[in-house]
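Descriptive analysis of the structure
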Amino acid sequence: LVASCAALVIQSLAANLGVVTGKHLAEHCRAEYSKVPNFLPWVVAEIAVVACDIPEVIGTAFALNMLFSIPVWIGVLLTGLSTLMLLALQQYGVRKLEFLIAFLVFTIALCFVIELHNSKPDPGEVLHGLFVPQLKGNGATGLAISLLGAMVIPHNLFLHSALVLSRKIPRSSTGIKEACRFYLIESGLALMIAFLINVSVISVSGAVCNAPDLTPEDRAKCEDLDLNKASFLLRNVVGKWSSKLFAIALLASGQSSTITGTYAGQYVMQGFLDLRLEPWLRNFLTRCLAIIPSLIVALIGGSAGAGKLIIIASMNLVLELPFALVSSSQVSLLTKTKMG
């Protein structure tokens, strides 16, 4: 809940910067900073794009494992095929990709609404968990930090300030104010859906791990729960179809995140360095950098190691968030000073 509120404030401010000035955040950084201060945020933003792509790669590999019993390390290699699919869609423009992302998010939401209905979590406990902060169990602090990084994604600040430029906005005071209000509502709706999906994931997991007919083996899995174990728990407690729904949602999540990550990386490179790469090359390089550590961990540590890598990558995003926030706030102040 806190991460969602923080993401709404930060993303709406980033969008306002693009609407008001006609330039996105990375372009402002290049214009306002000298070479060295401009280079450092670019490097950190690129690391954030790769760090965000690692959970997408592993999540897709887990989904393929759940659906088709493909080993996780082979699934990691097969995620390269999603890159080819994305490249085929990019020729149809940003609007078509936005529609595809909306469809994928709707698929995720539908899957978890069905899961939520069948797992029947206690509504009172769900509400209590929403408004009473708690850190219980081994590794809870790391999970909370990683969730913040997964919700307030650093490179999304660059993306949100850039995507608004693809729309026609009247360059009048009224038109700009209306556009800012519209993007605030749009971000609010998107984050609300993401928030409800996250609540559903946690609620379903909690309900399944507290089922009265849980076997000792499944109870042991709940002590160290990851994406792969969650699938098998759902299958054992709720039904085989439930794990398939979970896998479909996971697959859709990975593909939607891949699209946004690719566009964010393109805007980051173009803005900071005034360098444009072909989308297919940009996506290929990012995906290769994400696949290499994912493949090594999957081969050595198996699904458990891959699950831990997701948490580490998401925690890394939190460490990179201040760089994006500082850049955003400084650029906003400089822009206001010049416009004033």
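Everything numeric in this text was worked out from a predicted model, so none of it was measured.

Quick notes on the rules
Residues numbered from 1 in each chain as written. Predicted model: local features only at pLDDT ≥ 70, side-chain atom pairs only at ≥ 80, totals over all residues. Heavy atoms only, no water. Helix = DSSP H or I, 4+ residues; strand = E, 2+ residues; numbered from the N terminus. Buried < 20%, exposed > 50% of the residue type's maximum accessible area, 1.4 Å probe, protein only. Contact = heavy atoms within 4.5 Å. UniProt positions renumbered as here; feature names shortened; annotations may be inferred. pLDDT = per-residue confidence, 0-100. Phe/Tyr/Trp six-rings, centres within 6.5 Å; stacked < 30°, edge-to-face > 60°. Axes fitted to C-alpha atoms, helices over the stretch in contact; angles between N-to-C directions. Parallel < 35°, antiparallel > 145°, perpendicular 65-115°, else oblique. Nonpolar A, V, L, I, M, F, W, Y, C, P; charged D, E, K, R; others polar.

**Quick look at the overall build of the chain**
Counting secondary structure elements, the chain contains 14 helices and zero strands. Order of helices (α) and strands (β) in the chain, N terminus to C terminus: α-α-α-α-α-α-α-α-α-α-α-α-α-α. For the chain, with 340 residues in total, the buried portion stands at 47%. Looking at the chain alone, contacts between residues at least 24 apart form 80% of all its contacts between residues at least 6 apart.

**Here we look at the UniProt feature "transmembrane region" (unreviewed entry) in the chain**
When the UniProt feature table is mapped onto this chain, "transmembrane region" (unreviewed entry) is found at residues 66-87, 99-119, 139-159, 180-204 and 284-304. In this annotation, residues 99-119 is assigned 100% helix and 0% strand; the end-to-end C-alpha distance for the span is 30 Å.

**Points about the confidence of the model for the chain**
The predicted model of the chain has a mean per-residue pLDDT of 77, with 78% of residues at 70 or higher. Confidence, expressed as mean pLDDT per element, reaches its minimum in the chain at helix α5 (residues 80-90) with 65 and its maximum at helix α7 (residues 123-131) with 88.

**Focus on helix α9 (residues 154-163)**
When you tally the buried positions in α9, you get nine out of ten residues, the bulk of the element. Listed as buried for α9 are P154, H155, N156, L157, F158, L159, H160, S161 and A162.

**Some remarks on the packing of aromatic side chains**
Counted according to the given criterion, the structure contains three aromatic pairs. Summarising the aromatic geometry, the rings of F39 and W42 are spaced 5.5 Å apart at their centres and angled 50° between planes, so their arrangement reads as tilted. Of this pair, F39 and W42 both sit in helix α3 (residues 35-68), separated by three residues, roughly a single helical turn. Since its relative accessible area comes to 46%, F39 is described here as partly exposed.

**Structural notes on unusual backbone geometry**
For S69, which is not glycine, the phi dihedral falls at a positive 60°. Relative to the helices and strands, S69 is located in the loop between α3 and α4 (72-78). Here S69 falls in the exposed class, since its relative accessible area comes to 60%. At K120, a residue that is not glycine, the phi angle is positive and equals roughly 50°.

**Some remarks on the packing of α3 against α9**
Packing of α3 against α9 brings their axes to within 8 Å, and their N-to-C directions diverge by 105°. Classified by the interaxial angle, the pair formed by α3 and α9 is roughly perpendicular. In contact with A45, A48, V49 and C52 of α3, α9 contributes P154, H155 and F158. Residue composition of the contact of α3 with α9, by class: six nonpolar, one polar and no charged.

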